Structure formats: structure tokens, C-alpha cells
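One letter stands for each residue in the lines below.
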Amino acid sequence: TRLLSGYAARPEVSPDGTEIWFDKRTSSLSYSHQLFKMDIDGTDVVQLTSGPSGEAYTKSFGGFRDSDGRIVYTHGHGLRTADSTVPLSDITVLTTGTFRTREYEQASWSPDGTRILHSRKFDDQPYDLWTCADDGTDFRQLTFDPANDIHADWGVLTPEPGSAVLVLAGMGGL
């Protein structure tokens, strides 16, 4: 069943199972994405963020933290977290960036909710994978690839405490 027409990406079901959160292209002429939610049956679609195309370019939904339902997303080339109430509340700006000098993409929570995996680039360099603590500190670069490293997933927890398998898709392959 098609619930929504148009370009939409990164859907995730809310922790209580009643809603689908996602980012959606809001203009056919640009790559302006905004955050949305809708009921699990596809009704009651609500746009959660807004902004001009230049600011909204990198908005992407990163998902819910299991422990408290807090969300992570990119916004205007930076990372943000927020309570998953509507309207979004308790928004924390973890990083800021500017187009072509520092950009953040594709954020997601670690399985234990303490770190945020994201793609980050500086100037005209390709994206690499980074993590940071959930408060926006302790940045760690994970990849040093000449191709863009984006669309990463934490995967599953490994037997070794505190580690996980990363699955990565990008221009360099899978």
C-alpha cells in the first residue's frame, strides 16, 4: 500500500508504534527536505520543520533513541536532537555548519543511545563517517575515504561490549 506520493526517505516507526517519521522533499525544483510524521495508516501527515531551501538542504531524519524517544536529525548543515513531541520541543543544537565549509548528513543513534553516527565533510572534501557523544562533544573520525561515505547504519551489537558493526553504502560501494 502506498501511503505517500513524492520523494520521501529514512522512515522510522515511532517507539509506541503509532506513527511513521521521515524526511520528504518539499519542492520538485530543489533538494529542500523537511521532517514529517504521519499516523501508521498514512493519515494525518504533519510537517515538523520549516525553513528556506538553502537552510533546509540537509535536513534528514536520523531516528529515535530507544531509551527516551529523543530524535536526532540534521538541520541547516548541523546536527540537532529534540524531544519527539509536536511541535518539536527541547531542541538541542549540537553542531552548526555552513554550505560547502562544514556539512553534516545522515545522523543516527548508536544502539545504546550514547553516540551519534553521522557523515561530515569540510570544504570541498568528500563526506567521511564520524561519531560524537549525544551532547555534541567527543568527535571521532571513523573513515578516511576519497569517496563520499554516507548512508551508514550501526547494524547489530557485537559480543564485545561497547562495539557495533557498521554497514556503509556510498559512491565507493557497500
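Residues numbered from 1 in each chain as written. Predicted model: local features only at pLDDT ≥ 70, side-chain atom pairs only at ≥ 80, totals over all residues. Heavy atoms only, no water.

Mapped onto the elements of the fold, G6 is located in the segment before β1 (8–13). Considered as a pair, G6 and S27 are 21 residues apart in the sequence and their alpha carbons are 9.7 Å apart. (Helix = DSSP H or I, 4+ residues; strand = E, 2+ residues; numbered from the N terminus.)

Glancing now at the pattern of salt bridges. Counted according to the given criterion, the structure contains seven salt bridges. Residues R10 and D23 are paired through a salt bridge, measuring 2.7 Å at the closest nitrogen-oxygen approach. Of this pair, R10 sits in strand β1 while D23 sits in strand β2 (residues 19–25), placing them 13 residues apart in sequence. Judged by relative accessible area, which is 23%, R10 ranks as partly exposed. A single salt-bridge network, built from bridges that share partners, covers R65, D68 and D134. (Salt bridge = Lys/Arg side-chain N within 4 Å of Asp/Glu carboxyl O. Buried < 20%, exposed > 50% of the residue type's maximum accessible area, 1.4 Å probe, protein only.)

What follows deals with the sheet that holds strand β8 (residues 89–93). Pairing between sheet strands relies on hydrogen bonds along the backbone, with the strands arranged either parallel or antiparallel. The antiparallel open sheet is built from four strands, whose spatial order is β5-β6-β7-β8. Only two strands of the sheet have a single partner each, and these edge strands are β5 (60–64) and β8. Averaged over all adjacent pairs, the angle separating strand axes in this sheet is 25 degrees, with direction ignored. Summarising the sheet, strand β7 (residues 78–83) and β8 pair through three bridges and their orientation is antiparallel. Paired with D83 across the strands is S89, a residue of β8. (Pairing = 2+ DSSP bridges. Axes fitted to C-alpha atoms, helices over the stretch in contact; angles between N-to-C directions.)

Another aspect to go through is unusual backbone geometry. Of note in this structure, D44 is not a glycine but carries a positive phi near 55 degrees. The residue D44 is located in the loop between β3 (33–39) and β4 (46–47) in this model. Residue classification places D44 among the partly exposed positions, given a relative accessible area of 47%. The backbone of D138 shows a phi angle near 55 degrees, a positive value even though the residue is not glycine.

Checked against the element boundaries, D90 lands in strand β8. Residue classification places D90 among the partly exposed residues on the basis of a relative accessible area of 48%. Apart from residues no more than four positions distant in its own chain, D90 is found in contact with R70, T81, A82 and D83. (Contact = heavy atoms within 4.5 Å.)

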